[in-house]
Amino acid sequence: MGVHGFGMWVEFSHQNRFSEVLWMRINPETGWSNLSGLLSFLCGLLMMLLAHSRVRNFAYEWFYHAHLLLAPLVYIFAGLHMPFLLPWMMLALVLYGLDIAVRVWFKYMKTSARIVHLQSIPPNSDPTGTVAVRLSIRVDGRSAVFQPGQFFLLTIPALSYLEAHPFSLCLPSEVSIVDGQATTLLQFAIKPTGQRDSWTQRLVQCAVGDIAYVDGPFGGPFTPQ
């Protein structure tokens, strides 16, 4: 899709026909012009630019929420641009929506998790500073064993109800029985980064017992070579 969009852009701009072709109606069923194809291409291009490591590291929320919004727009505009693509684009949107719905249900409805340990680890050179935060979260109702290398999206309402940040495990998960219910202990070592009011910098303000929402795991375990 990107190669097609960029190729058309270059070709018609070279012929000085870009404006003419842009408003040309090639889809009589929807009445949309080539503009819908251009919008699909631009949404995909913006997703690619926002996925750059610099953006993800310094403006992760922009990257995360922009992808949630732009991905369906790519499918919608592509379907309006070419009628034969519309059924496949609709199928992709349905699967995309189901994936989000299932994750939201497991994250906010099915899973109960709380912070059970929070420790600030100071650097050797400055005992008053923080080089990392040791965070342990107990997830009730789950008894699976996860390994370092797998990561989770963590949401802590005490910091922000909308922000979800990815962190990998620092130790294998521990499964135990508490009050007759299976629980899984997830342990993370998180380095505070960004401005003083960033999510990771404010993590030390949380307290044992605070609610946490866990989405995952993602990725595969780390296997030493």
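Note: the structure precedes this text.
Residues numbered from 1 in each chain as written. Predicted model: local features only at pLDDT ≥ 70, side-chain atom pairs only at ≥ 80, totals over all residues. Heavy atoms only, no water.

Draft legend 1. Representation of the overall build of the chain. A count of helices and strands for the chain gives six helices and seven strands. Ordered by position in the sequence, the α and β elements of the chain form the string α-α-α-α-α-α-β-β-β-β-β-β-β. Looking at the 225 residues of the chain, the share that counts as buried comes to 34%. Carbon and sulfur atoms make up 63% of the accessible area of the chain, which totals about 13,700 Å². (Helix = DSSP H or I, 4+ residues; strand = E, 2+ residues; numbered from the N terminus. Buried < 20%, exposed > 50% of the residue type's maximum accessible area, 1.4 Å probe, protein only. Areas by Shrake-Rupley, 256 points an atom, 1.4 Å probe, with all protein chains shown as cover.)

Draft legend 2. Spatial organisation of the packing of aromatic side chains. Tallied over the entire structure, the rule returns four aromatic pairs. When the centroid spacing of 6.3 Å and the interplanar angle of 85° are considered together, the rings of F152 and F188 count as edge-to-face. Within this pair, whereas F152 is found in strand 3 (residues 151-155), its partner F188 is found in strand 6 (residues 181-190), the two being separated by 36 residues in sequence. Judged by its relative accessible area of 0%, F152 falls in the buried class. (Phe/Tyr/Trp six-rings, centres within 6.5 Å; stacked < 30°, edge-to-face > 60°.)

Draft legend 3. View of helix 3 (residues 34-50). Across its 17 residues, helix 3 extends 25 Å between first and last C-alpha, which sits within 8% of the 24 Å expected from 1.5 Å per residue. For helix 3, the full list of buried residues reads N34, S36, G37, L38, S40, F41, C43, M47 and L50. (Expected span 1.5 Å × (residues − 1).)

Draft legend 4. Looking closely at the side chain of H67. If you trace the backbone, H67 turns up in helix 5 (residues 60-81). The exposure class assigned to H67 is buried, which follows from its relative accessible area of 19%. If we skip the residues at most four places from it in the chain, H67 touches M47, L50, A51, P72 and Y96. (Contact = heavy atoms within 4.5 Å.)

Draft legend 5. View of the pairing of strand 4 (residues 165-168). Of the two faces of strand 4, the one lined by H165 and F167 is fully buried and the one lined by P166 and S168 carries no buried residue. Bridge count between strand 3 and strand 4: four bridges; the pairing is antiparallel. Following the sheet pairing, F151 is matched in strand 4 by S168. (Pairing = 2+ DSSP bridges.)

Draft legend 6. Just the environment of M82, in detail. Among the secondary structure elements, M82 is positioned in the loop between helix 5 and helix 6 (86-110). Considered as a pair, M82 and G37 are 45 residues apart in the sequence and their alpha carbons are 8.1 Å apart.

Draft legend 7. Focus on the nonpolar core. Counting 21 residues, the largest nonpolar core has I137 and F188 as the members making the most contacts within it. The greatest single-element share of this core, amounting to four residues, is contributed by strand 2 (residues 132-140). With residues near it in sequence (within four places) discarded, I137 still touches A113, R114, I115, V116, L154, T184, L185, L186, F188, A212 and V214. If you look at the next biggest cluster of nonpolar residues, it comprises nine residues, including L70, A71, F77 and L80. (Core = buried A, V, L, I, M, F, W, Y, C linked by side-chain atoms within 4.5 Å.)

Draft legend 8. Just helix 5, in detail. With 22 residues, helix 5 should reach 32 Å at 1.5 Å per residue; the first-to-last C-alpha distance of 31 Å fits that figure. For helix 5, the principal kink sits at H67 and spans about 30°. (Bend = angle between axes of the 7 residues up to and from the residue.)

Draft legend 9. Examining the pairing of strand 1 (residues 112-121) more closely. For strand 1 and strand 2, the ladder comprises nine bridges, and the chain directions are antiparallel. Of the residues in strand 2, the one forming a bridge with Q119 is R134. One ladder, built from two bridges, connects strand 1 with strand 7 (residues 211-218); its direction is antiparallel. Note that in strand 7 the partner of A113 across the bridge is A212.

Draft legend 10. Expanded view of the environment of Q147. Here Q147 is to be found in the loop between strand 2 and strand 3. Judged by its relative accessible area of 31%, Q147 is partly exposed.

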